[in-house]
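What follows is the residue order along each chain.
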Amino acid sequence: MGMNLSLEIDYEFADKVTVENLKDSYRRLGKDIKDLEDRGVREPWQQEDYENFKKYRKAIKKVLKYYMVHTEAKEFFDESK
C-alpha cells in the first residue's frame, strides 16, 4: 500500500533546509518564552515549559551558529532580540 519515494538533494540544499527549520524553531520558542513571561504567574507545568524553552532556544542558537556564516548569524540574532 505505501509508496516508497526517494529524493536526492545535495548537502548545500540540505543545510539550507536545516537552517530555515532551526530559525523557525528559534523564533517560535522566542514567542513561547515571551508569552509565558507576559503571563506573570505561571502554573508549575508552565514554569517547567518556560525553563525548557529557554534551554532549547540556547541549544538551537549554538547549532545555528555552526551552520550559518558569522555575518548571517549576527544579523539573524540581532533581529530576533
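Scroll up to find the structure this text is about.
Cut-offs and rules
Throughout, a residue's number is its position along its own chain's written sequence, starting from 1. Only residues with pLDDT of at least 70 are given local features in this predicted model, and only at 80 or more are side-chain atom pairs given and counted; all residues enter the totals for whole chains, interfaces and linings. Note: side-chain values were computed over all heavy atoms of the structure, leaving out hydrogens and water. The way it works is that DSSP assigns letters per residue, a run of H or I at least four long becomes a helix, a run of E at least two long becomes a strand, and they are numbered from the N terminus. For every residue, the accessible area obtained with a 1.4 Å probe (protein chains only) is divided by the maximum for its type, and the residue is called buried under 20%, exposed over 50%, and partly exposed between those limits. Here a residue-residue contact requires only that any non-hydrogen atoms of the pair lie within 4.5 Å. Surface accessibility follows the Shrake-Rupley procedure with a 1.4 Å probe radius. Residue values consider only the protein chains on display as shielding. This count recognises Lys and Arg as positive and Asp and Glu as negative, with His and chain-terminal groups excluded. By convention, the point assigned to a charge is CZ for Arg, NZ for Lys, CD for Glu and CG for Asp. The term salt bridge refers to a side-chain nitrogen of Lys or Arg lying within 4 Å of a carboxyl oxygen of Asp or Glu. Put simply, the grid is 1 Å and covers the protein atoms alone, a cavity is a trapped set of points that fit a 1.4 Å probe, a pocket is an open set with protein on both sides within 12 Å along at least five of seven lines, and lining residues have an atom within 4 Å of a point. Grid points are joined across faces, edges and corners, and a volume is the space filled by probe spheres set on the points. The span you would expect from a helix comes to 1.5 Å times its residue count less one.

**Describing the overall build of the chain**
Thought 1: When its secondary structure is counted, the chain shows three helices and zero strands.
Thought 2: Secondary structure elements of the chain occur, N-terminal to C-terminal, as α-α-α.
Thought 3: When its C-alpha atoms are laid out on the principal axes, the chain stretches across 50 × 45 × 15 Å.
Thought 4: Relative to its full complement of 81 residues, the chain shows a buried share of 23%.
Thought 5: For the chain, restricting intrachain contacts to residue pairs at least 6 apart in sequence, the fraction spanning at least 24 positions comes to 60%.
Thought 6: Looking at the chain as shown, the accessible area adds up to about 7,000 Å², and 53% of this sits on carbon and sulfur atoms.
Thought 7: Here the chain contributes 17 positive and 18 negative side-chain charges, whose respective centroids are spaced 6 Å apart.

**Considering the pattern of salt bridges**
Thought 1: Taken as a whole and assessed by the stated rule, the structure comprises six salt bridges.
Thought 2: Between lysine 16 and glutamate 12 there is a salt bridge whose closest N-O contact spans 3.7 Å. With lysine 16 and glutamate 12 both in helix H1 (residues 11–39) and four residues apart, the pair spans about one turn of that helix.
Thought 3: A residue is classified by how much of its surface remains accessible, and glutamate 12, at 53% relative accessible area, is exposed.
Thought 4: Among the ionic pairs, aspartate 24 bridges to arginine 28, the shortest N-O distance being 3.0 Å. Within this pair, aspartate 24 and its partner arginine 28 are both found in helix H1, separated by four residues, close to a single helical turn.
Thought 5: Given a relative accessible area of 44%, arginine 28 falls into the partly exposed group.

**Remarks on the layout of surface pockets**
Thought 1: Here the largest pocket is characterised by a volume of approximately 270 Å³.
Thought 2: Together, 14 residues line the largest pocket, and Val19, Glu20, Lys23, Met68 and Glu72 are the ones closest to its centre.
Thought 3: Of all the secondary structure elements, the ones that give two or more residues to the lining of the largest pocket are H1 and helix H3 (70–79).
Thought 4: By residue number, the principal contributor to the lining of the largest pocket is H1, which donates seven residues.

**Here we look at helix H2 (residues 44–67)**
Thought 1: An ideal rise of 1.5 Å per residue puts 34 Å on 24 residues; H2 measures up with 35 Å between its terminal C-alpha atoms.
Thought 2: What H2 keeps buried is the set Gln46, Tyr50, Phe53, Arg57, Ile60 and Leu64.
Thought 3: Contacts made by the buried residues of H2 are with H1 and H3.

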